[in-house]
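Spelled out from the first residue to the last, the chains are:
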Amino acid sequence: MLGLYSVVISLYLTAIRMAAFFNHKKARLMVEGHKQVYRILQEKLIPGEKYLWFHAASLGEFEQGRPLIERIRKEYPKYKILLTFFSPSGYEVRKNYDGADIVCYLPIDTPFNARKFVKTVHPAMAFFIKYEFWQNYMKALQKYEIPIYSICSIFRPEQVFFRWYGGQYYQVLTRITHFFVQNEQSKALLATRGIKDNVTIVGDTRFDRVRDIALQAKQLPIVESFRGDCKTFVAGSSWEPDEDLFIPYFNEHKDWKLIIAPHVVSESHIKGILEKLDRKTVRYSQATPENVKSAECLIIDCYGLLSSIYNYGDVAYVGGGFGVGIHNLLEAAIYGIPVLFGPNNQRFQEAQELKTCGGGKEICDMKSFVSQMDELLNSQQQLENSGSAAGAYVKSRVGALEKIFAESSLREQL
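Residues numbered from 1 in each chain as written. Predicted model: local features only at pLDDT ≥ 70, side-chain atom pairs only at ≥ 80, totals over all residues. Heavy atoms only, no water.

> Residue-level account of the overall build of the protein chain, with values.
When helices and strands are counted, the protein chain shows 19 helices and 14 strands. Since a compact globule built from 414 residues should have a radius of gyration of about 22 Å, the 23 Å found for the protein chain is in line with a globular shape. Overall, the C-alpha framework of the protein chain stretches about 65 × 45 × 45 Å when taken along its three principal axes. Of the side chains in the protein chain, 50 bear a positive and 45 a negative charge, and the two mean positions are spaced by 7 Å. (Helix = DSSP H or I, 4+ residues; strand = E, 2+ residues; numbered from the N terminus. Rg over C-alpha atoms; globule rule 2.2 N^0.38 Å. Lys, Arg positive; Asp, Glu negative; His and termini not counted. Charge placed at Lys NZ, Arg CZ, Asp CG, Glu CD.)

> Residue-level account of unusual backbone geometry, with values.
Despite not being glycine, His-122 shows a phi value in the positive range, around 40 degrees. Residue position: His-122 is located in the loop between α6 (111-121) and β4 (125-129). On the accessibility criterion, His-122 (41% relative accessible area) is partly exposed. Unlike most non-glycine residues, Cys-152 shows phi in positive territory, near 55 degrees. (Buried < 20%, exposed > 50% of the residue type's maximum accessible area, 1.4 Å probe, protein only.)

> I'd love a proper account of the packing of aromatic side chains, names of residues and values included.
Tallied over the full model, the rule gives 28 aromatic pairs. Look at Phe-161 and Tyr-169: their rings are 5.5 Å apart centre to centre, the planes differ by 10 degrees, and that puts the pair in the stacked class. Both rings, one in Phe-233 and one in Phe-246, keep their centres 5.9 Å apart while their planes meet at 45 degrees; by these two values the pair is tilted. Taken together, the residues span a long stretch of sequence, with Phe-233 in strand β8 (residues 231-238) and Phe-246 in helix α11 (residues 240-252) at a distance of 13 residues. Grouping residues by exposure puts Phe-233 and Phe-246 together as buried. Among the aromatic residues, ring-to-ring pairing joins Phe-233, Phe-246, Tyr-249, Phe-250, Trp-256, Tyr-317 and Phe-369 into one connected group. (Phe/Tyr/Trp six-rings, centres within 6.5 Å; stacked < 30°, edge-to-face > 60°.)

> Tell me what's going on with the sheet that holds strand β3 (residues 102-105), and back it up with residues and numbers.
Spatially, seven strands are ordered β3-β2-β1-β4-β5-β6-β7 in an open sheet, and the strand pairing comes out parallel. Strands with a single pairing partner mark the edges of an open sheet, and in this sheet they are β3 and β7 (199-201). Neighbouring strand axes in the sheet, compared pairwise and without regard to direction, differ in orientation by 20 degrees on average. The sheet contact formed by strand β5 (residues 148-153) and strand β6 (residues 178-181) spans four bridges and is parallel. Each bridged residue has a counterpart across the sheet, and for Ile-151 the counterpart in β6 is Phe-180. Sitting on the sheet, helix α3 (residues 37-44) is in contact with β1 (50-56), β2 (79-85) and β3, with an inclination near 165 degrees to β3. (Pairing = 2+ DSSP bridges. Axes fitted to C-alpha atoms, helices over the stretch in contact; angles between N-to-C directions. Contact = heavy atoms within 4.5 Å.)

> Describe a positive patch on the surface, and please don't skip the residues or the numbers.
Taken together, the side chains of Arg-115, Lys-119, Lys-139 and Lys-143 define a basic patch exposed on the protein surface. Where the positive patch is concerned, the elements lending two or more residues are α6 and α7 (135-143). With respect to the helices and strands, the residue Lys-119 is situated in helix α6. Given the relative accessible area of 60%, Lys-119 is considered exposed. (Patch = residues over 30% accessible without salt bridge, like charges linked within 9 Å, V, L, I, M, F, W, Y side chains within 5 Å. Areas by Shrake-Rupley, 256 points an atom, 1.4 Å probe, with all protein chains shown as cover. Salt bridge = Lys/Arg side-chain N within 4 Å of Asp/Glu carboxyl O.)

> Pulling in residues and values, what's your account of the pattern of salt bridges?
Taken as a whole and judged by the stated rule, the model has 23 salt bridges. With a shortest N-O distance of 2.7 Å, Glu-70 and Arg-66 are connected by a salt bridge. Residue Glu-70 and its partner Arg-66 are located together in helix α4 (residues 59-75), separated by four residues, close to a single helical turn. Judged by its relative accessible area of 32%, Glu-70 is partly exposed. Arg-279 serves as the salt-bridge partner of Glu-296, at 3.5 Å between the closest nitrogen and oxygen. Linking Glu-296 in the loop between β10 (281-283) and β11 (297-299) with Arg-279 in the loop between α12 (267-276) and β10, this pair joins segments that are 17 residues apart in sequence.

Nothing here speaks to function; it is geometry throughout.
Have a look at this one:
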């Protein structure tokens, strides 16, 4: 199994390089980013300083680690922060994140790369977020007796650690100093591998993060003028299959206003949205407090505003559920509004729990979208009950960060 792991890593590295050669954008960014790692470290590592290393695969995992990074930075300023990413979708967005002293890519997990990176940085502690279990890096960290923490990890029976053929690969888990897991199932699964005493159920720090975001939500005069006294539907991180559902509905329901914040902000995507709309529409970049008042649809053609825009909605739709998976439901639910999303949500615990409490509604096709929206639009009580359930659900899950800091083994290391 160990040999198979090395083979898979080598094949993956080859595939990335080939894709970059053929100008695949993400692969090219990764390859170029990996070339810069040691230049960045050489320029920014300060001899004699103690570094805490946080690793996130991508942007979503970073948001889970962010509350811990910022809490440590505030309360333990003696440490410097090194933040690494695996994916360009995380690094390219957060490479200038001021909560870290150094931000770079993490080289592919080969034995050579792992030894070199760990020896170069020699962090005081390492924090891997959610699904990150890199065999060679964790072996190198253990060799240097560096504590390893798994933050907001979540485990499922189908993962390789718990399959009949994963008997050797699960050994990577035995290198972890302490697991901070999201739920009881994860703790129980680890117990089947004899990992019991160093596991704490804390929940998900994303709840803490969205609570903090909501408390710091931006006031957006353009959006406020657009909304006025009208009921407003906010579609966040939408893709074309999502837009094909809600745009026809709101072309007919002109008593509601519509805000669309597409996941991909490109001219071609926005042009496609405009072609489908039969509403008076204005783009955020061209809006003024005056011209936006008469508009019926507002297209957000920039990044960084969505988490605040949900605050102006009466119902939210979060995209991605007809593709690789839904985007951040919690950013909308924290404001106490019903949240709709597509069918690819089985891997998302918050989606299942929102459906159970009534704050989230699954949409499978046009028929189910119309049914759910008609129910919400025709009953103010249903609208309020569903929204209250969503908000209460998020607020009830806040507190993971405090549980992590309550763990004595971590406090002793800090």
